[in-house]
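The primary structure of each chain is shown beneath.
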Amino acid sequence: MAHISLLLKDWVRIVYIFLISRFLYLLPILAFMRIGVLGIQGDVSEHADSAERALQYYGVRGSVEIVRKKDRIKNLDFLIIPGGESTTISRLMIRSGIYDEILKYAEDTLSVIGTCAGSILMARNILDDERVKPLGLMNMKVRRNFFGRQRESFETNIHIKGIGKYHAVFIRAPVIDSCSGNCEVLATIENKIAMAREDRHYALIFHPELTEDYRIYRLLFRL
Ligand code: GLN
C-alpha cells in the first residue's frame, strides 16, 4: 500500500513539473522591472522616454521613474545615471545622500547603468579630474572630455559584443582608459574602451537614449 501511495506521489510530481514547464514561456510576461533614471541633471527625460519605449518594444512589463530622492533607490532593479555634467551630478548625488544609497544597494540587488557622464561616475579612478568622486562600482580608469574640442560630438558605428554593429552618438564623451579585474570590455573606439560591464553594472561612453535602436536595452535590462 505504501508502495502505491509513493508511486502516486511520483505521478503527481511529474504532472506538476509538466504543467509548470508548459507555462515557463509566460515568465517574461509576469516579470515586472523597476527602472529609475537619476534625475539630478542632464539627459533625464530622454532616458526615461527611451527606457519606456524599449520596454514596450520588447513587450516587457515595467515602470520607469525619475529618481530625485534617496529613499526611492531601494525600490529599483535598475538605475540609469544619464549623461550631463559629471561634476554637478557627483556633487548633488553626495549632498542628497543618493551616493551612499546607491552603494548600499548596488552590492547585491541594484544594477547601475552609467552613460556618458554617468560612465565617469561608475569608475574606480578618474585620471584627470579630482572634483568628481566616482562610485567605484567598476574596475575602470576613465578620462573626461577625451575626444577634445574638434570632435566634441560625433556619430559612428561601433561593434558591441552580443549585439553587433551599432550606431553610437558621442557628445563631449569621456573614455574608458582601462578595465581590470572582473570588468569586461564590450565595445571599443580608436583603441580605447567605449562600453564595459562588471557583474550587473554597465558603463557606456555614448548616448543610447538618442537613437531608436533598442537592442542595447535587451543587454542592459536583461530582457
Ligand atoms: N563631458 C561631460 C562630463 O565630463 C560628459 C558629457 C556627456 O555626458 N554628454 O561630465
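As the structure is a computational prediction, the values presented were derived from the model and not from experiment. For every chain, the first residue of the written sequence is number 1, and numbering continues from 1 onward in sequence order. In view of the model being predicted, local features appear only for residues whose pLDDT reaches at least 70, and side-chain atom pairs are presented and counted only at 80 or more, with totals across whole chains, interfaces and linings using the full set of residues.

Caption draft 1: Up close: the overall build of the chain. Looking only at helices and strands, the chain features seven helices and 12 strands. Based on the C-alpha atoms only, the size of the chain along its principal axes is roughly 85 × 40 × 35 Å. Any residue with 12 or fewer other C-beta atoms within 10 Å of its own C-beta is exposed, any with 20 or more is buried, and the rest are partly exposed; the C-beta atoms used are placed from the backbone. Looking at the chain residue by residue over its 223 residues, the buried ones come to 38%. C-beta atoms are placed from the backbone for every residue, and two residues are taken to be in contact when these atoms lie within 7 Å. Taking as baseline every contact in the chain between residues at least 6 positions apart, the subset at least 24 positions apart corresponds to 68%. Each helix is a run of DSSP H or I of at least 4 residues and each strand a run of E of at least 2, with the numbering of both proceeding from the N terminus.

Caption draft 2: A look at the nonpolar core. To define a nonpolar core, we join buried Ala, Val, Leu, Ile, Met, Phe, Trp, Tyr and Cys residues through C-beta atoms within 7 Å and take the resulting set. In this structure, Leu 79 and Ala 196 are the most contacted members of the largest nonpolar core, which totals 63 residues. With residues near it in sequence (within four places) discarded, Ala 196 still touches Met 138, Met 140, Ile 176, Cys 179, Cys 183, Glu 184, Val 185, Leu 186 and Ala 203.

Caption draft 3: Just the site of the ligand, in detail. In the vicinity of the ligand, the contacting residues are Gly 83, Gly 84, Glu 85, Ser 86, Cys 116, Ala 117, Ile 120, Arg 144, Asn 145, Ile 171, Arg 172 and Pro 174. Residue classes in the shell around the ligand are distributed as five nonpolar, four polar and three charged. For each residue, a C-beta atom is placed from the backbone, and the residue counts as near a molecule or strand when that atom lies within 6 Å of it. Residue polarity follows a fixed list, in which Ala, Val, Leu, Ile, Met, Phe, Trp, Tyr, Cys and Pro are nonpolar, Asp, Glu, Lys and Arg are charged, and the others, Gly among them, are polar.

Caption draft 4: Quick peek at helix α4 (residues 86-95). Residues of α4 that are buried include every one of Ser 86, Ile 89, Ser 90 and Met 93, and no others. One face of α4 carries all of its buried residues, which in axial projection span an arc of 100°. In this fold, the buried residues of α4 make contact with β3 (78-81), α5 (98-106) and α6 (117-122). Positive backbone phi, at 85°, marks Gly 97, one or two positions downstream of α4. Directions pointing from the helix axis toward each C-beta atom define the arc.

Caption draft 5: Up close: unusual backbone geometry. Located in the positive-phi region is Asn 145, a residue other than glycine, with phi close to 40°. Inspection of the secondary structure puts Asn 145 in the loop between β6 (140-143) and β7 (153-160). Its identity is not glycine, yet Asn 191 carries a phi of approximately 65°, on the positive side. Among the secondary structure elements, Asn 191 is positioned in the loop between β10 (184-189) and β11 (192-198).

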